[in-house]
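Structural overview
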Protein chains: 2
Amino acid sequence: MTIRDVADYCGVSVSTVSRVLNNHPDVSAKVRNKVLSAVRELHYVPNISAQDLGRNSSDNIGVVVRGAENPFFVNLIHSIEEAIEAAGYTMIISQIPSDADELEAGASLSRSKRLKGLVFLGGCFNYTASEVAAIDIPFVCCTFTNEFGDLDSDSYSSVCVDDRAEAIRAVRYLIEQGHRRIAILLNDREDESVGQLRFLGYCDALKEAGIDYDDGLVEETGVYSMEAAYRAAKRLFARRDDFTAVFVTADSLAMPVLKAANDLGRKVPDECSVIGFDGLTMSLYSIPTLTTLVQPSEKLGEEAVQTLLNVIEGKAKHQQKVLKTTLRKGESVTVVSI
Amino acid sequence: MTIRDVADYCGVSVSTVSRVLNNHPDVSAKVRNKVLSAVRELHYVPNISAQDLGRNSSDNIGVVVRGAENPFFVNLIHSIEEAIEAAGYTMIISQIPSDADELEAGASLSRSKRLKGLVFLGGCFNYTASEVAAIDIPFVCCTFTNEFGDLDSDSYSSVCVDDRAEAIRAVRYLIEQGHRRIAILLNDREDESVGQLRFLGYCDALKEAGIDYDDGLVEETGVYSMEAAYRAAKRLFARRDDFTAVFVTADSLAMPVLKAANDLGRKVPDECSVIGFDGLTMSLYSIPTLTTLVQPSEKLGEEAVQTLLNVIEGKAKHQQKVLKTTLRKGESVTVVSI
């Protein structure tokens, strides 16, 4: 019987159980009671010695959030904070725009706040060994890895989903519903980041189904914003009326796509199916409800922190972990009727 | 010529200008160039001595976020972080559920992290002097004040909008469009917090227009979540079909109201107008676009931090500041057609 068993039994995170056991005030009464009941029912005995080995509270872990306006990061930041606190460290956060340099921000934070380690939340997949040389503390890439870079796998940790494989899955799902002319709306297809990987997955899925790639069905937002996505969707719908589905590489960009379709009188899903990526809560309340791949945001944050702390505390080497998404079927995808 | 003039000229915050002038990496190239051009054009000379008086970087300011899942807080946290960093302090954040006790969380954070001051982001309006006695450092209430409590005005700072007056404004706007039977959907009308004040404002606006209060037009979500708002809206629409407008006390709750109306075939705005509160970016992309009162979120965060730092640094006494919202007309309110 471990703390993980209690957490699984209650459907909460390990850090939540830890906070209840350590009498942290920031847990709701409902969750607190649920955890305490489970502890009794399961006869769980906390490992007191491990608890007593609490870290010095001045041990800081930096979290650099690139693209803080991304609603997908809200739950993730929360789970990262919980995990850092539960382990007895202090989280120092730095939120930077999505076009800023996270390595520079991380190096600067590391110098000014004397960090033990760094979590990069959102970032590029193309770090080179010389670029990360300025970061002289352990770091973990959360939601991304080093696909386009040259880092040694024992020099960094990462926790993310396989963006290319998951994009294949999204587009394959559309193809299974009979779609053949499928558009993609994304930030930037050559960003050496999440956009590029999801774009490559889109191409892979078309190829495996024997569908020719059509450059006119690719639309980029340029910057990452709802406004840019709305304008991009309008361009795409104005240019082409022969596609029956569109893969939008983030839920927060898919909301404006639904809006643009509505404003142009293009019915979703009857005239155009839409599939998203991320699984934001708000996509449960869009009109229509969005079909999307749900990222395990709580788990991503928890694993990122745990992986980093294992390195900091000398318990394990750097690791690259890959988690899975879950397809959530909404109202925005239908079987093709043409 | 002050740093504020440069900020206003560029349409950015004071802390952004400060970050550019101090060569922080976490500013986008676009904003950096805009600020540097403005500095040249306006012949602004930074006050070097003030800059050199930078604080010890170990000076921590705590930020307790109550209801971290509230999307309205995302921009606010960002502006609070910018302002704290720009002043040379370190932000230590603690995110707690909306039903947890922020004072207890603040006291605990203050003890463990040796804070200079505390920002409470989201909280109750009913603190008593004995309750806050455990907080022995200066604090500022951000987005709320002490309407239902008994604090001396020189014992705390607050920066918020006047929730009651702004709610009057929202409902008055509906009345001006000819609506007489106006429902309200909110979290809790007796929460001694933002829900209660906006409810009282709703009642005030009806009264001044000579409209009788109708208890059957009030629907509470109980907990603060999109899911609860969706269920509450369904209950309201099922119970009554004679109201022509609904005031929803938060944009994030208004999205599910639009969804519920859609699912029940109640057309917005033709059969029911909807007005929100907060001014989230996503309410620009709902179907239909939401009419709402936009809170000055960047300014709220900046002022909260500045007010707190003035107290910490002995430059000013505690203050209670009130900012204004801006009505943003969307597609969700129409002139009543009955």
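Now for a quick tour of the structure. (Residues numbered from 1 in each chain as written. Chains lettered and ligands numbered in written order. Predicted model: local features only at pLDDT ≥ 70, side-chain atom pairs only at ≥ 80, totals over all residues. Heavy atoms only, no water.)

1. Notes on the overall build of chain A
- Counting secondary structure elements, chain A contains twelve helices and twelve strands.
- Computed over the C-alpha atoms, the radius of gyration of chain A is 22 Å, within 12% of the 20 Å expected from 2.2 N^0.38 for a compact globule of 338 residues.
- If you line up chain A on its principal axes, its C-alpha atoms span 65 × 50 × 35 Å.
- Per-residue burial for chain A yields a buried fraction of 57% across its 338 residues.
- Roughly 13,700 Å² of accessible area belongs to chain A as shown, and the carbon and sulfur atoms make up 48% of that amount.
- One way to put it: in chain A the 35 positive side-chain charges average out to a point 4 Å from where the 48 negative ones average out. (Helix = DSSP H or I, 4+ residues; strand = E, 2+ residues; numbered from the N terminus. Rg over C-alpha atoms; globule rule 2.2 N^0.38 Å. Buried < 20%, exposed > 50% of the residue type's maximum accessible area, 1.4 Å probe, protein only. Areas by Shrake-Rupley, 256 points an atom, 1.4 Å probe, with all protein chains shown as cover. Lys, Arg positive; Asp, Glu negative; His and termini not counted. Charge placed at Lys NZ, Arg CZ, Asp CG, Glu CD.)

2. Notes on the sheet that holds strand S7 (residues 218–220) of chain B
Residue and element names in this part refer to chain B.
- Reading across the sheet, the six strands line up as S7-S6-S8-S9-S10-S12 and stay open at both edges, with mixed pairing between neighbours. At either end of the open sheet lies a strand with only one pairing partner, and these are S7 and strand S12 (326–328). Strand after strand, the sheet turns through a mean of 20° between neighbouring axes, direction not considered.
- Strand contacts of helix H8 (residues 163–176): strand S6 (182–186), strand S8 (245–248), strand S9 (273–278), strand S10 (291–294) and S12, with the helix running at about 160° to S9, the strand carrying the most contacts.
- Seen against the sheet, helix H11 (residues 251–263) touches S6, S8, S9 and S10 and runs at an angle of roughly 155° to S9. (Pairing = 2+ DSSP bridges. Axes fitted to C-alpha atoms, helices over the stretch in contact; angles between N-to-C directions. Contact = heavy atoms within 4.5 Å.)

3. Structural notes on the interface of chain A and chain B
- Chain A puts 47 residues into the contact, and the matching count from chain B is 48 residues.
- For the pair chain A and chain B, the two sides together bury roughly 3,700 Å², of which 59% comes from carbon and sulfur.
- Among the residues chain A hides against chain B, the three largest losses belong to A:Lys259, A:Tyr285 and A:Ile287. Together they make up 20% of the total.
- Put simply, chain A and chain B have four salt bridges between them.
- Here B:Lys113 makes a salt bridge to A:Glu85, at a shortest N to O gap of 3.5 Å. (Buried area = accessible area lost by both parts, 1.4 Å probe. Salt bridge = Lys/Arg side-chain N within 4 Å of Asp/Glu carboxyl O.)

4. A short note on the relation of the copies chain A and chain B
- Under the fitted operation, chain A is carried onto chain B by 0.0 Å of movement along the axis and a turn of 180°, and the coordinates agree to an RMSD of 0.1 Å. In symmetry terms, the pair is related by a two-fold rotation axis.
- Taken as a fraction of all interface residues of chain A, those also at the interface in chain B reach 100%, which identifies the copy contact as same-surface. (Least-squares fit on C-alpha atoms with pLDDT ≥ 70 in both.)

5. With respect to the sheet that holds strand S6 (residues 182–186) of chain A
All names here are of chain A.
- Pairing in this open sheet of six strands is mixed, and the strands run S7-S6-S8-S9-S10-S12 from one edge to the other. Bordering the open sheet on either side are strand S7 (218–220) and strand S12 (326–328), each of which pairs with just one other strand. Strand-to-strand twist of the sheet, defined as the mean angle between neighbouring strand axes without regard to direction, takes the value 20°.
- Relative to strand S10 (residues 291–294), strand S9 (residues 273–278) is paired through four bridges, and the arrangement is parallel. From the neighbouring strand, Phe 277 faces S10, where its bridge partner is Leu 293.
- Sheet contacts for helix H8 (residues 163–176): S6, strand S8 (245–248), S9, S10 and S12; angle to S9, the most-contacted strand, approximately 160°.
- Along the sheet, helix H11 (residues 251–263) contacts S6, S8, S9 and S10; its crossing angle with S9, the most-contacted strand, is approximately 155°.

6. Concerning the side chain of B:Arg66
Residue and element names in this part refer to chain B.
- Position of Arg 66 among the secondary structure elements: in strand S1 (residues 60–66).
- Polar side-chain contacts of Arg 66 include one of 3.2 Å to the backbone oxygen of Ala 100.
- The residues contacting Arg 66, other than those within four sequence positions of it, are Phe 73, Ile 96, Pro 97, Ser 98, Ala 100, Glu 102, Leu 121, Gly 122, Gly 123 and Cys 124. (Polar contact = N/O pair within 3.5 Å; in protein donor to acceptor, adjacent residues only side chain to side chain.)

7. What about the pairing of strand S4 (residues 139–142) of chain B?
All names here are of chain B.
- Judged by which residues are buried, S4 turns out to be covered on both faces: Phe 139 and Cys 141 on one side and Val 140 and Cys 142 on the other are all buried.
- Pairing geometry for strand S3 (residues 115–121) and S4, over four bridges, is parallel. Note that in S4 the partner of Val 119 across the bridge is Val 140.
- Sheet topology note: the S4/strand S5 (residues 157–161) ladder contains three bridges and is parallel. Each residue of the ladder has a partner; that of Cys 141, found in S5, is Ser 158.

8. Re helix H3 (residues 29–42) of chain A
All names here are of chain A.
- Taking 1.5 Å of rise per residue, 14 residues should cover 20 Å, and H3 covers 20 Å from first to last C-alpha, within 8% of that figure.
- Along H3, the residues classified as buried are Arg 32, Val 35, Ala 38 and Val 39. Along the axis of H3, the buried positions cluster into a sector of 130°, meaning they face one direction only. Turned more than 90 degrees off the buried face of H3, the exposed positions are Lys 30, Arg 40 and Glu 41.
- If you follow the buried residues of H3, they end up packed against helix H1 (3–10) and helix H2 (14–21).
- Immediately beyond the C-terminal end of H3, within one or two residues, lies His 43, with a positive phi of roughly 55°. (Expected span 1.5 Å × (residues − 1). Arc of directions from axis to C-beta.)

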